[in-house]
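# Examining the three-dimensional arrangement
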Amino acid sequence: MHTLGSPPIAVTPRPKTDGRFDSIDMLRGLVMILMALDHVRDFFGHVGVNPTDPALTTMPLFFTRWITHLCAPTFFLLTGLGAALSRRRRTNHELSVHLISRGAWLIFLEIVVVRSLGLQFNFDYRVTVLNVLWALGWSMIALAFVIQLSPRSVLLLGAALILGHNLLDSISASSFGSLAFVWSWLHAPGVIVARPDFTVLLAYPLVPWVGVAMVGFGLSPIYEWDAARRRRMLWRTGAGLTAAFLLLRGINVYGDFSRWAPQAESWRTVLSFLNTTKYPPSLLFLLMTLGPALALLGWLDGRSPGLARPVWTFGKVPLFYFLVHLPVIHLLAILVCFLRYGSAHWMFESPDLTHFPFTQPPGWGFDLPGVYVAWFAVVLLMYPLCRWYAAYKRERRYWWLSYL
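A quick note: this is a predicted structure, and the numbers were derived from the prediction, not measured. (Residues numbered from 1 in each chain as written. Predicted model: local features only at pLDDT ≥ 70, side-chain atom pairs only at ≥ 80, totals over all residues. Heavy atoms only, no water.)

### Digging into the overall build of the protein
- If you tally the helices and strands in the protein, you get 14 helices and three strands.
- In summary, the protein has a C-alpha radius of gyration of 22 Å against a globular reference of 22 Å for 404 residues, a match within 12%.
- Dimensions of the protein, computed from the C-alpha atoms along their principal axes, are close to 80 × 50 × 45 Å.
- Among the 404 residues that make up the protein, the fraction classed as buried is 49%.
- Within the protein, counting contacts between residues at least 6 apart in sequence, those at least 24 apart form 74% of the total.
- When the accessible area of the protein is evaluated, it comes to approximately 19,200 Å², of which 69% is carbon and sulfur surface. (Helix = DSSP H or I, 4+ residues; strand = E, 2+ residues; numbered from the N terminus. Rg over C-alpha atoms; globule rule 2.2 N^0.38 Å. Buried < 20%, exposed > 50% of the residue type's maximum accessible area, 1.4 Å probe, protein only. Contact = heavy atoms within 4.5 Å. Areas by Shrake-Rupley, 256 points an atom, 1.4 Å probe, with all protein chains shown as cover.)

Here it is, written out as structure tokens:
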């Protein structure tokens, strides 16, 4: 307030106190839409086709899979960032308790809900795959034990895990004997239970993914800066990581146990160059994905959702979206299967890992245009559901809403 005739006092807008930024929700919503594309392809695509094999794939199929690589690293980065920003409304002790309980909840959801109600629609548990929620849950639990450290220390610890974990690639799980599952849990994916009636595959080993969450946590101080400085930081960091990927991948010595190699055609050589390892995520995979993610986060900073409001809405309810979009995809696949074959019993059967998440009916599978149509339908179906839940969550303050 100023008196008549005196110059107005410039007021700097205060940062949000709830730990939410529209740019973070926008980026999260965008990668969730891309994630649905990958899961739709699992249900509607052709079986037995490796989309990232540079010698056999097509360019559209390769990049349909490759663009979705952005999803998991961004999820883990924003998980760590969101945990750090939530300290604005919690003490360290309250945040530790919340991270441990929420992490345990995510692990439970992965093992019980996602596997049975999301992916397979049965409860026989003959095949269980420990995927992204499993690793996200453990990452939250790990963060609970480092939040007393400075953000810079957590950032350096996470960077060390990302930079150094490929030094351990030559160690195989089998060298640990009966404790082989521990190595799969920490570093290398693999089958940790193999019985005729029960198989467990651990697909997301923890060390590199926990590292990404820690890096996200360590980035949080930049959200105390003014927006212009923060955008420059995100842009430069994203560009730097992308340049580091191009340099290290070109040298072809360290950062990914799968080396690129010249192919019969130049465009296939480019695909080989871009075909980095996700399971476990190599240093080069993370540089390739986190660089663009950070640059995109900088570009979104300060922008209003506008016409992209549906994307923003998805990003505000990420766990709800994740849990609901899988049964929506599966139900759509059941409907298409029934219309095509007059039966859909295959969609409830998964006897082993070669038939996961369901047994493919004879001749099942659609070309990419059909996959994209199904993807578009799933995203359209998800929007009113997420909009309703976002409004419900905004209008009510029940404690359990923070867990969904």
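### Quick notes on the pattern of salt bridges
- Going through the model one piece at a time under the given rule, you end up with eight salt bridges.
- One salt bridge in this structure joins Arg195 and Asp197, with 3.4 Å as the shortest N-O distance.
- A relative accessible area of 45% means that Arg195 is categorised as partly exposed.
- Shared partners join several salt bridges into a network, and the residues in it are Asp38, Arg41 and Arg65. (Salt bridge = Lys/Arg side-chain N within 4 Å of Asp/Glu carboxyl O.)

### A few points about the packing of aromatic side chains
- Considering all chains together, one arrives at 28 aromatic pairs under this definition.
- The interplanar angle of 25° and the centroid separation of 4.6 Å between the aromatic rings of Phe76 and Trp209 together place this pair among those described as stacked. With a gap of 133 residues between them, Phe76 in helix 3 (residues 71–85) and Trp209 in helix 8 (residues 206–218) connect regions that are remote in the sequence. A single burial state applies to Phe76 and to Trp209, both of which are buried.
- Arranged with centres 5.7 Å apart and planes meeting at 80°, the rings of Tyr372 and Trp375 form a pair that is edge-to-face. Remark: Trp375 and Tyr372 occur in helix 14 (residues 368–395); sequence separation between them is three residues, near one turn of the helix.
- Among the residues examined, Tyr372 registers a relative accessible area of 33% and is labelled partly exposed.
- Judged by its relative accessible area of 17%, Trp375 is buried.
- Connected via pairs of aromatic rings, a cluster forms that spans Phe43, Phe44, Tyr341, Trp346, Phe358, Trp364 and Phe366.
- Directly above the aromatic system of Trp225 lies the positively charged group of Arg229, at a separation of 3.6 Å from the ring centroid.
- We note Arg340 situated over the ring of Phe366; from NZ or CZ to the ring centre the distance is 5.4 Å. (Phe/Tyr/Trp six-rings, centres within 6.5 Å; stacked < 30°, edge-to-face > 60°. Lys NZ or Arg CZ within 6 Å of the ring centre and 35° of its normal.)

### As for the packing of helix 9 (residues 227–251) against helix 11 (residues 283–300)
- Direction vectors running N to C along helix 9 and helix 11 enclose 155°, while the axes themselves pass 7 Å from each other. The orientation of helix 9 relative to helix 11 falls into the category roughly antiparallel. The chirality of how helix 9 crosses helix 11 is left-handed. Across the interface between the two elements, Arg231, Leu234, Trp235, Thr237, Gly238, Leu241, Thr242, Ala244, Phe245, Leu248 and Arg249 from helix 9 touch Leu283, Leu284, Leu287, Met288, Leu290, Gly291, Pro292, Leu294, Ala295, Leu297, Gly298 and Trp299 from helix 11.
- A breakdown of the residues in the contact of helix 9 with helix 11 according to their chemical character gives 16 nonpolar, five polar and two charged. (Axes fitted to C-alpha atoms, helices over the stretch in contact; angles between N-to-C directions. Parallel < 35°, antiparallel > 145°, perpendicular 65-115°, else oblique. Left-handed = near helix turned anticlockwise from the far one by under 90°. Nonpolar A, V, L, I, M, F, W, Y, C, P; charged D, E, K, R; others polar.)

### Some words on the pairing of strand 2 (residues 190–195)
- Direction of pairing for strand 2 relative to strand 3 (residues 198–202): antiparallel, over a ladder of five bridges. When the bridges of strand 3 are listed, Val193 appears paired with Val200.
- A loop of two residues connects strand 2 with strand 3, the two strands running antiparallel in sequence. (Pairing = 2+ DSSP bridges.)

### Remarks on the sheet that holds strand 3
- Taking strand neighbours across the sheet as the criterion, the three strands line up as 1-3-2 in an open arrangement whose pairing is mixed. Two strands bound the open sheet, and with one partner strand each, they are strand 1 (127–130) and strand 2. Within this sheet the neighbouring strands show an average axis-to-axis angle of 10°, counted without direction.
- In the sheet, strand 1 pairs with strand 3 via four bridges, with the strands oriented parallel. In the sheet register, Val127 faces strand 3, and the bridge partner there is Thr199.

### Some remarks on the side chain of Thr359
- With respect to the secondary-structure elements, Thr359 resides in the loop between helix 13 (318–341) and helix 14.
- Residues in contact with Thr359, not counting those within four places in the same chain, are Trp346, Glu349, Ser350 and Pro351.

### Digging into the state of the cysteines
- In total, this model carries zero disulfides according to the counting rule given.
- Residue Cys71 stays outside any disulfide, its sulfur separated by 15 Å from that of Cys386, the closest cysteine.
- On the basis of relative accessibility, which here comes to 4%, the residue Cys71 falls in the buried class.
- Residue class for Cys386 comes out buried when judged on its relative accessible area of 0%. (Disulfide = S-S within 2.5 Å.)

### Quick look at the confidence of the model for the protein
- For the protein, per-residue confidence averages 90 on the pLDDT scale, and residues scoring 70 or more make up 95% of the total.
- Across residues 1–18, where pLDDT falls below 50, the model places nine contacts with residues more than four positions away in sequence or in other chains. (pLDDT = per-residue confidence, 0-100.)

### Considerations on a nonpolar patch on the surface
- Together, Leu167, Leu168, Ile171, Phe176, Leu179 and Phe181 make up a nonpolar patch on the protein surface, roughly 540 Å² of accessible area in all.
- Here Phe181 shows up in helix 7 (residues 180–186).
- Given the relative accessible area of 41%, Phe181 is considered partly exposed. (Patch = residues over 30% accessible without salt bridge, like charges linked within 9 Å, V, L, I, M, F, W, Y side chains within 5 Å.)

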